[in-house]
Amino acid sequence: MVDIASSGVALAVGSIAAERNKIILNSGSSTTRITNEDCNKVTVHWTYDTYALGKGSAGEITKRGGNTWFFITADYVFGHSLQKDASAFVESSGGKVLGSVNAPFPTTDFSSFVLRAQESGAKVVAFANSGADLVNGVKTAGEFGLTPKQQVTGLLVMINDIHAIGLKAAQGMLVTEAFYWNMNDKTRAWSRRFFEKRKRMPTMIHAGIYSMVTHYLNAIKAIGTDEAQAVMAQMRKTPVNDFFATNGHLREDGKMVHDMYLFQVKSPAESKEPWDYYKLVATIPGEQAF
């Protein structure tokens, strides 16, 4: 089983996979429960989790002076997990959480939540949500003039979200990602192949899927069997060196450890071509990120 975006579904399917000794390859699901309290011997968690996102965004932004925070949080397990992990990094980095508000999922009107964030006076307003809710929330923040007085960040942002928001509204946002298409020759070559097929640049989830499926198939090729435990053992002992990760490795608990990146969204004037949206602010080494 490959991808499984929803954390709740990933936990349920992981339990069934463990019973039947079938490998599950997670790219889009994010909860740390996958490799912590719900860890098993057949689950791989490849691309990111809420701990890595919190460490990258909350930890790094707080260290750079954004020491008061307000959260607008999707009211389900993913949003609460994201806020919990991010809050811990804000506080451990010397910052303070001034408040939060839970937004029903899905939400189309973020006006009241953005007003609460604005009234808090927090230096950083963090959206602990994703997808259409993130896009609507950030657009509303722009309409209400939160920036430049308050730093807006999304705790799970992908390049297609920035594409939907537009650089005018998204410029200056700080985001943590596992992958960006325009980082180096390898990422550009693979991403342009993807673009030829899909007419859009890949997200970190797309890149993670391709990387982990390739690693899985190479393991089968190396040992001549697709028996789950034998393949898992081969995947763990083989370093990950591809367009997605350099010197990545699969831990015993199924977590793939690799560098994460803090990016700032470019202004329209800084962007040199379509999908040229990020500039690198910091690299978080894998052993610190996870």
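Please refer to the structure higher up on the page.
Below is a summary of the structure that appears in this document. (Residues numbered from 1 in each chain as written. Predicted model: local features only at pLDDT ≥ 70, side-chain atom pairs only at ≥ 80, totals over all residues. Heavy atoms only, no water.)

1. Details of the environment of Asn218
Phase 1 of the analysis: With respect to the helices and strands, Asn218 occurs in helix 9 (residues 204-223).
Phase 2 of the analysis: Note: C-alpha distance between Asn218 and Thr238 (20 residues apart in sequence) is 9.6 Å. (Helix = DSSP H or I, 4+ residues; strand = E, 2+ residues; numbered from the N terminus.)

2. Re the pairing of strand 7 (residues 151-154)
Phase 1 of the analysis: Relative to strand 7, strand 6 (residues 124-128) runs parallel, the two being bridged by four bridges. Its bridge partner lying in strand 7, Val125 is registered against Val152.
Phase 2 of the analysis: In this fold, the crossover linking strand 6 to strand 7 by way of helix 5 (residues 131-143) has right-handed handedness. (Pairing = 2+ DSSP bridges. Right-handed = clockwise from strand over helix to strand, strands pointing away.)

3. Describing empty space enclosed by the protein
Phase 1 of the analysis: Overall, the coordinates contain one cavity of 30 Å³ or more when judged by the stated rule.
Phase 2 of the analysis: Taken together, Ala10, Leu11, Gly14, Ile24, Asn26, Ile34, Asp38, Asn40 and Thr43 make up the lining of the largest cavity.
Phase 3 of the analysis: Secondary structure elements with two or more residues in the lining of the largest cavity: helix 1 (7-20) and strand 2 (24-26).
Phase 4 of the analysis: Tallying contributions element by element places helix 1 first for the lining of the largest cavity, with three residues. (1 Å grid on protein atoms, 1.4 Å probe; cavity = no way out; pocket = protein on both sides within 12 Å on 5 of 7 lines; lining within 4 Å. Points joined across faces, edges and corners; volume = space filled by probe spheres on them.)

4. Concerning the pattern of salt bridges
It is possible for side chains of opposite charge to pair when their charged atoms get near one another.
Phase 1 of the analysis: As enumerated under the stated definition, the model contains eight salt bridges in all.
Phase 2 of the analysis: In this structure, Arg236 engages Glu252 in a salt bridge whose closest nitrogen and oxygen atoms are separated by 4.0 Å. Note that Arg236 is positioned in helix 10 (residues 228-237) and Glu252 in the loop between strand 9 (249-250) and strand 10 (256-257), a separation of 16 residues in sequence. (Salt bridge = Lys/Arg side-chain N within 4 Å of Asp/Glu carboxyl O.)

5. A short note on the sheet that holds strand 1 (residues 2-3)
Two orientations exist for strands paired in a sheet by backbone hydrogen bonds: parallel and antiparallel.
Phase 1 of the analysis: Spatially, three strands are ordered 1-2-3 in an open sheet, and the strand pairing comes out parallel. The two strands at the open ends of the sheet, each matched to only one other strand, are strand 1 and strand 3 (43-45).
Phase 2 of the analysis: Here strand 2 pairs with strand 3 via three bridges, running parallel. Each residue of the ladder has a partner; that of Leu25, found in strand 3, is Val44.
Phase 3 of the analysis: The strands that helix 1 touches are strand 2 and strand 3; relative to strand 2, the one it contacts most, it runs at about 155 degrees. (Contact = heavy atoms within 4.5 Å. Axes fitted to C-alpha atoms, helices over the stretch in contact; angles between N-to-C directions.)

6. Remarks on the environment of Asp276
Phase 1 of the analysis: Mapped onto the fold, Asp276 is located in the loop between strand 11 (260-265) and strand 12 (278-284).
Phase 2 of the analysis: When sequence neighbours within four positions are dropped, the list of residues in contact with Asp276 reads Tyr180, Trp181, Asn182, Lys266, Glu270 and Ser271.

7. Remarks on the side chain of His45
Phase 1 of the analysis: Inspection of the secondary structure puts His45 in strand 3.
Phase 2 of the analysis: A relative accessible area of 0% means that His45 is categorised as buried.
Phase 3 of the analysis: A distance of 2.8 Å separates a polar atom in the side chain of His45 from the backbone oxygen of Ser29.
Phase 4 of the analysis: Beyond its immediate sequence surroundings of up to four residues, His45 is in contact with Asn26, Ser29, Ser30, Thr31, Ile34, Thr35, Gly254, Lys255 and Met256. (Buried < 20%, exposed > 50% of the residue type's maximum accessible area, 1.4 Å probe, protein only. Polar contact = N/O pair within 3.5 Å; in protein donor to acceptor, adjacent residues only side chain to side chain.)

8. Points about the layout of surface pockets
Phase 1 of the analysis: In this structure, the largest pocket occupies an estimated 450 Å³ of space.
Phase 2 of the analysis: Every residue lining the largest pocket is counted, 26 residues in all, and those nearest its centre are Ala5, Gly28, Tyr48, Ser130 and Leu156.
Phase 3 of the analysis: Of all the secondary-structure elements, those providing two or more residues to the lining of the largest pocket are helix 1, helix 3 (77-92), helix 5, helix 6 (159-165) and helix 9.
Phase 4 of the analysis: Here the element with the most residues in the lining of the largest pocket is helix 5; it accounts for three residues.
Phase 5 of the analysis: Taken together, the residues of the lining of the largest pocket break down into eleven nonpolar, eleven polar and four charged.
Phase 6 of the analysis: Looking at the second largest pocket, its volume works out to about 210 Å³.
Phase 7 of the analysis: Lining the second largest pocket are 15 residues, and of these Thr147, Val152, Ala169, Ala170 and Gln171 lie nearest its centre.
Phase 8 of the analysis: Listed by contribution, the elements that provide at least two residues to the lining of the second largest pocket are helix 5, strand 7 and helix 7 (167-170). (Nonpolar A, V, L, I, M, F, W, Y, C, P; charged D, E, K, R; others polar.)

9. Quick look at the nonpolar core
Phase 1 of the analysis: Core analysis: the largest hydrophobic core is formed by 91 residues, its most contacted members being Trp46, Ile72, Phe127, Phe244, Met260 and Tyr278.
Phase 2 of the analysis: In contact with Phe244, other than residues within four places in its own chain, are Trp46, Thr47, Ala178, Phe179, Met204, Ala207, Gly208, Ser211, Met256 and His258. (Core = buried A, V, L, I, M, F, W, Y, C linked by side-chain atoms within 4.5 Å.)

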